[in-house]
Amino acid sequence: MDDSQLDLGALEDIDPSLEGGFKIQFDREIHIETRVQDANTGPQEIGTLELVRVKILVQGEQQAFDNLKIELTSETDLFFNYNTIINKDNYKRIREEQKLTIEYPQFLQMLIKLLNSCHKEPNHFFCVFFMQQDGAARLDFIENLEYKFMEMLSLDFSSASEETIRQNVSFRYNLMKAKLQFVQNRLNDIASLIKLKNPSLLVQINKASAGVSQNQSTQNASKYLGQSKKNNTSKFV
């Protein structure tokens, strides 16, 4: 194992999401419809489908956890960061208000099942995320019964604090930087091996790679010039 792999492992261990002894139980990107909700006019009628990373963590043992945390983040917007923590006490309220039949220890598996259903069967199960200007938000799990939409579960969220967002963005940036460095090191190792075993093959690979890059640049330039001609022509019509 090289230093890059060690660095990646060390970085993953300092994920700020794990602070407080939390352990990741679910980590996947899910398509979620996001809607901005105005206090006066209500939510948008049509939302935007976004790829949101959903992370579920528990504090304590998996079968007897004390707290369950859900984090929502986005790779396209690093400052999109919402979370909620559900413990035994506030789960009682959720269970009573939404008439759930399961106990708190089974809630984790229920959430994972719902999210996997949204991922595998998006036409039948989906999520809608309502966001308010004050940072409050709500995630609804919906089932499409063809003749009507049925709300299966609704959870309140809040926007993460500025400090939490700062830590999360810094962690993700450094992790990506380390991954890129690992790939670059691996590429250099492969190039050195090819140079040692078959130098002429490395020359051919470099020439082919340069040709692909040149063709891509030419295509991009052609598109730009074509668009420029269209824009210039339209001005004089």
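Every chain begins its residue count from 1, and numbering advances along the sequence as written. Whole-chain, interface and lining totals are the exception, using all residues; otherwise, since this is a predicted model, local features are given only for residues with pLDDT of at least 70 and side-chain atom pairs are given and counted only at 80 or more. Note that water and hydrogens are dropped before the side-chain values are worked out from all heavy atoms of the structure.

The name given to the protein chain in an unreviewed UniProt entry is Spindle assembly abnormal protein 6 N-terminal domain-containing protein, with the source organism recorded as Paramecium primaurelia.

**Some remarks on the nonpolar core**
To be explicit about the condition: Each nonpolar core is a collection of buried residues, namely Ala, Val, Leu, Ile, Met, Phe, Trp, Tyr and Cys, held together in the definition by side-chain atoms within 4.5 Å. Whether a residue is buried, partly exposed or exposed follows from its accessible area with a 1.4 Å probe, protein chains only, as a fraction of its type maximum: under 20%, in between, or over 50%, in that order. Helix and strand assignments come from DSSP, with helices taken as H or I runs of at least 4 residues and strands as E runs of at least 2, each series counted from the N terminus.
Counting residues in hydrophobic clusters, the biggest one holds 36 residues, and the most contacted among them are Leu68, Ile70, Phe129, Phe141, Leu153 and Leu155. With 9 residues, helix α3 (residues 104-120) is the single largest residue contributor to this core.

**Thoughts on the pairing of strand β1 (residues 22-38)**
Where we set the bar: In this description, strands pair whenever DSSP reports at least two bridges between them.
With 12 bridges connecting them, β1 and strand β3 (residues 48-61) associate as antiparallel partners. Residue pairing for β3: His31 is matched across the bridge by Leu51. Sheet topology places β1 next to strand β6 (residues 125-132); 6 bridges connect them, and they run parallel. Looking across to β6, one finds that Ile32 is bridged to Cys127.

**As for helix α4 (residues 162-197)**
Short version of the rule: To estimate how far a helix should extend, the number of its residues minus one is multiplied by 1.5 Å.
Spanning 36 residues, α4 covers 53 Å between terminal C-alpha atoms, matching the ideal 52 Å at 1.5 Å per step. Here α4 has its buried residues at Ile165, Asn168, Val169, Phe171, Arg172, Leu175 and Ala178.

**Side note on the environment of Thr34**
With respect to the helices and strands, the residue Thr34 is situated in strand β1. What makes Thr34 buried here is its relative accessible area of 8%. A sequence separation of 97 residues divides Thr34 from Met131, and the C-alpha atoms of the two residues are 7.5 Å apart.

**Digging into the layout of surface pockets**
Cut-off, in case you're wondering: The rule is simple: put a 1 Å grid over the protein atoms alone, call a set of points where a 1.4 Å probe fits but cannot get out a cavity, call an open set with protein on both sides within 12 Å along at least five of seven lines a pocket, and count a residue as lining if it has an atom within 4 Å of a point. Grid points are joined across faces, edges and corners, and a volume is the space filled by probe spheres set on the points. Put simply, Ala, Val, Leu, Ile, Met, Phe, Trp, Tyr, Cys and Pro go in the nonpolar bin, Asp, Glu, Lys and Arg in the charged bin, and everything else, Gly too, in the polar bin.
Each pocket or cavity is described by its volume, and for the largest pocket that value is around 350 Å³. At the level of elements, β1, β3, β4 (64-73) and α4 are the ones that each hand at least two residues to the lining of the largest pocket. For the lining of the largest pocket, the element with the most residues is α4, which contributes 7 residues. Here the residues of the lining of the largest pocket are counted per class, giving 7 nonpolar, 3 polar and 9 charged. Approximately 230 Å³ is the volume attributed to the second largest pocket. Secondary structure elements with two or more residues in the lining of the second largest pocket: β4, β5 (81-87) and α4. Partitioned by chemical class, the residues of the lining of the second largest pocket number 4 nonpolar, 8 polar and 3 charged.

**Examining helix α2 (residues 88-98)**
Quick note on the threshold: Polar contacts, as counted here, are pairs of nitrogen or oxygen atoms within 3.5 Å of one another; within protein the pair requires one atom able to donate a hydrogen and one able to accept it, and residues that are adjacent in sequence qualify only if both atoms are side-chain atoms.
Residue Asn87 occupies the N-cap position of α2, its side-chain oxygen lying 3.1 Å from the main-chain nitrogen of Asp89. Phi turns positive, to about 55 degrees, at Lys99, one or two residues after α2.

**Considerations on the packing of aromatic side chains**
Remark: the centre distance and the inter-plane angle together describe each pair of aromatic rings, the angle taken between the planes. As a reminder of what qualifies: Under the pairing criterion, centres of Phe, Tyr and Trp rings, with the six-membered ring standing for Trp, must be within 6.5 Å; the plane angle then separates stacked pairs below 30 degrees from edge-to-face pairs above 60, leaving the rest tilted.
This structure, assessed with the given rule, holds 8 aromatic pairs. Ring centres of Tyr91 and Phe107 lie 4.9 Å apart, and the angle between their planes is 45 degrees; on these two criteria the pair is classed as tilted. Of the two residues, Tyr91 is situated in helix α2 and Phe107 in helix α3; the sequence distance between them amounts to 16 residues. Assessed through its relative accessible area of 0%, Phe107 is described here as buried. Among the aromatic residues, ring-to-ring pairing joins Phe65, Tyr91, Tyr104 and Phe107 into one connected group.

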